[in-house]
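# Summary of structural features
For reference, the chains in residue letters:
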Protein chains: 2
Amino acid sequence: MNAACNSPESSRSEARRAQILGAARDCFRRHGFHGASISQICRQAGMSAGHIYHYFDNKEAIIAAIVEQDLSRLLTMTAELRAAEDIEQTLAQCAAEGVHENLDPDTAALRLEIVAEGSRNPRVAEIVRDAERCCHDSMVVTVREMRRSLGLDTDEAWIEGLVEFFATLYDGLLVRSVRNPGEPSAALLALFSKVILDLVKTPSPLGPGKP
Amino acid sequence: MNAACNSPESSRSEARRAQILGAARDCFRRHGFHGASISQICRQAGMSAGHIYHYFDNKEAIIAAIVEQDLSRLLTMTAELRAAEDIEQTLAQCAAEGVHENLDPDTAALRLEIVAEGSRNPRVAEIVRDAERCCHDSMVVTVREMRRSLGLDTDEAWIEGLVEFFATLYDGLLVRSVRNPGEPSAALLALFSKVILDLVKTPSPLGPGKP
DNA sequence: CGTTCTAGTTCGAACGCTCATTCTATGTTA
DNA sequence: TAACATAGAATGAGCGTTCGAACTAGAACG
């Protein structure tokens, strides 16, 4: 046994878990949470049917793990944005990258599946909403700092509305990837950049807030 | 037999079909296309298990019918908007109504289920994309007419981009209904109206088109 | 060094259940 | 009577999950 096995979760079982999650992500993306079967996931992960239950209590636990894994990526992105040196430039870059990421059919299929499941499975709904709150708060901080550094008002309700609006735009891309697949038009890309950068700099029509 | 029975589809079987679709819509909304079973749908529709197969070839045909039914509502809305007397006022009204409709958890749950299914079921994907194309074209005509009557350019690529952008916004609300349920904030509603009405009147940065 | 022990892995058969679908028999109605 | 409407049992496949036995490899011991 190598040195790493001193860790409470041995590296072997960690690897096995990752292997299962990778296979499950693939199957869920192709067949949906309920369309994909445990035996499919096992086959893809290269292990026997029952063995999966040494790593996950049941199928729902695998779903929950996948959901958490995917949503933690979002958190990472907002955290990176907030920590960036030149926020305005990073925002513009993230805006463009986000469009392509959310329009990618594989990414979109899994996220849509997660949201659809969230609309009926309370456990998934809770995970989704927790992640949403974190992302939202992180973005609010980022936008508030940008506005302050630009000498604009920092009306809380307005900033929250802006963040909610941006999130809605990006969530919409997930649906667009199915309704209208393929590369986004130049006009759409231009609109994303323009609207987001314009709105960040738009004074609140609601009230001033402390500047 | 009453007079209506001269029709190729008797009113009785029409009613039965509608009954099944109503029950199926309910079950699909609550459990998803694959989570809901035929026997659940039968129970809710008040008929025996096998009897459903006199009206639909199989489960997928029921799904397809539900998808078509729901998407035809979208087509109706865009058609109404295009036929309106005062397009600008009707647009503003539709914009507000659309926000609430797409945020309604029941509406959103079914539409998300449809889109998620569309990302893996080619038949559903085709129906979704057909409806999308019709809606898109209808909206393009509407926006072009508005811009012409306002003396603006009618650059085709720009108008298509605008329509795509609006659609993305409304699609995003479906996802928001899960991620952040509850009444939308006043700021978000204001942003929807403001951005849509502003953009419709924004000159194309791409080229003039024939005015 | 070789043997035994132990705890963690892994397999695959088995279980009970539910699913979508089919079939046959029985009303029902014009 | 002829055609349609309906019920409900039957079918076979596949599901998620459990279980006991086999395998593996390092630890402890003589």
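Everything numeric here is computed off the predicted structure, so don't read it as measured data.

What counts, and at which threshold
Residues numbered from 1 in each chain as written. Chains lettered and ligands numbered in written order. Predicted model: local features only at pLDDT ≥ 70, side-chain atom pairs only at ≥ 80, totals over all residues. Heavy atoms only, no water. Contact = heavy atoms within 4.5 Å. Buried area = accessible area lost by both parts, 1.4 Å probe. Salt bridge = Lys/Arg side-chain N within 4 Å of Asp/Glu carboxyl O. Helix = DSSP H or I, 4+ residues; strand = E, 2+ residues; numbered from the N terminus. Nonpolar A, V, L, I, M, F, W, Y, C, P; charged D, E, K, R; others polar. Buried < 20%, exposed > 50% of the residue type's maximum accessible area, 1.4 Å probe, protein only. Phe/Tyr/Trp six-rings, centres within 6.5 Å; stacked < 30°, edge-to-face > 60°. Expected span 1.5 Å × (residues − 1). UniProt positions renumbered as here; feature names shortened; annotations may be inferred. Near = heavy atom within 4 Å. Polar contact = N/O pair within 3.5 Å; in protein donor to acceptor, adjacent residues only side chain to side chain.

## Observations regarding the interface of chain A and chain B
- Contact with chain A, which involves 46 residues of that partner, is made by 46 residues of chain B.
- With both chains or domains summed, chain A and chain B bury close to 4,200 Å², and 70% of this area falls on carbon and sulfur atoms.
- When the area that chain A buries against chain B is broken down by residue, the three leading residues are Phe165(A), Arg176(A) and Arg179(A), summing to 17%.
- In this structure, the connection of chain A to chain B is made through ten salt bridges.
- With a closest N to O distance of 3.0 Å, Asp171(B) and Arg179(A) form a salt bridge.
- Those elements giving two or more residues to the side of chain A that touches chain B turn out to be helix H1 (11–31), helix H3 (59–83), helix H5 (105–118), helix H6 (122–149), helix H7 (156–179) and helix H8 (186–200) of chain A.
- Element by element, the count of residues in the side of chain A that touches chain B is highest for H7(A), at 17 residues.
- Considering only residue class, the side of chain A that touches chain B consists of 25 nonpolar, eleven polar and ten charged.

## Points about the pattern of salt bridges
- Per the stated rule, a full pass over the model turns up 34 salt bridges over all chains.
- Across the salt bridge formed by Glu132(A) and Arg176(B), the nearest N and O atoms sit 2.6 Å from each other. Here Glu132(A), found in helix H6, pairs with Arg176(B), found in helix H7 (residues 156–179), and the two come from separate chains. Arg176(B) matches Glu132(A) in its accessibility class, with the two residues each being buried.
- With a shortest N-O distance of 3.0 Å, Glu156(B) and Arg144(B) are connected by a salt bridge. With Glu156(B) in helix H7 and Arg144(B) in helix H6 (residues 122–149), this residue pair connects regions lying twelve residues apart in the sequence.

## Observations regarding the side chain of Thr142(B)
- Mapped onto the elements of the fold, Thr142(B) is located in helix H6.
- Every residue in contact with Thr142(B), bar those within four places of it in the chain, is listed here: Leu81(B), Arg82(B) and Ile87(B).

## Observations regarding the packing of aromatic side chains
- As enumerated under the stated definition, the model contains six aromatic pairs over all chains in all.
- Each ring, one from Phe165(A) and one from Phe192(B), has its centre 5.6 Å from the other, and the planes form 80°; the classification is edge-to-face. Here Phe165(A), found in helix H7, pairs with Phe192(B), found in helix H8 (residues 186–200), and the two come from separate chains. Pair check on accessibility: Phe165(A) and Phe192(B) agree, each one buried.

## A word on H7(A)
- Here H7(A) contains 24 residues, and its C-alpha end-to-end distance of 35 Å stays within 8% of the 34 Å for a straight helix at 1.5 Å per residue.
- A large share of H7(A) lies buried, amounting to 20 of its 24 residues.

## Some points on the environment of Ser13(B)
Residue and element names in this part refer to chain B.
- Mapped onto the secondary structure, Ser-13 falls in helix H1 (residues 11–31).
- Residue Ser-13 is classed as buried on the basis of its relative accessible area, which comes to 17%.
- Considered as a pair, Ser-13 and Ile-114 are 101 residues apart in the sequence and their alpha carbons are 26 Å apart.

## A word on the UniProt feature "DNA-binding region" (unreviewed entry) in chain A
- Listed under "DNA-binding region" (unreviewed entry) in the UniProt record, and renumbered for this structure, are residues 37–56 of chain A.
- When the span residues 37–56 of chain A is considered, its composition is 40% helix and 0% strand, and the gap between its end C-alpha atoms is 14 Å.

## Considerations on the protein's contact with DNA strand C
- What surrounds DNA strand C is a group of 18 residues, the closest being His51(A), His54(A), Ile38(B), Tyr53(B) and Lys59(B).
- The sugar-phosphate portion of DNA strand C accounts for 70% of its atoms within 4 Å of the protein, the bases making up the rest.
- The contact in question runs from a phosphate oxygen of DNA strand C to an N or O atom on the side chain of Arg16(A), over 3.1 Å.
- A distance of 3.2 Å separates a phosphate oxygen of DNA strand C from a polar side-chain atom of Tyr55(A).
- Within the residue set of the surface near DNA strand C, elements represented by two or more residues are H1 of chain A together with helix H2 (38–45) of chain B.
- Here the surface near DNA strand C is built from residues that sort into six nonpolar, nine polar and three charged.

## With respect to the environment of Ala23(A)
Residues and elements named next belong to chain A.
- Its place among the elements puts Ala-23 in helix H1.
- Owing to a relative accessible area of 5%, Ala-23 belongs among the buried residues under this scheme.
- Considering only alpha carbons, one finds Ala-23 and Ala-187, 164 residues apart in sequence, at a separation of 37 Å.
- Residues within four places of Ala-23 in sequence aside, it is in contact with Ile-41, Gln-44 and Ala-45.

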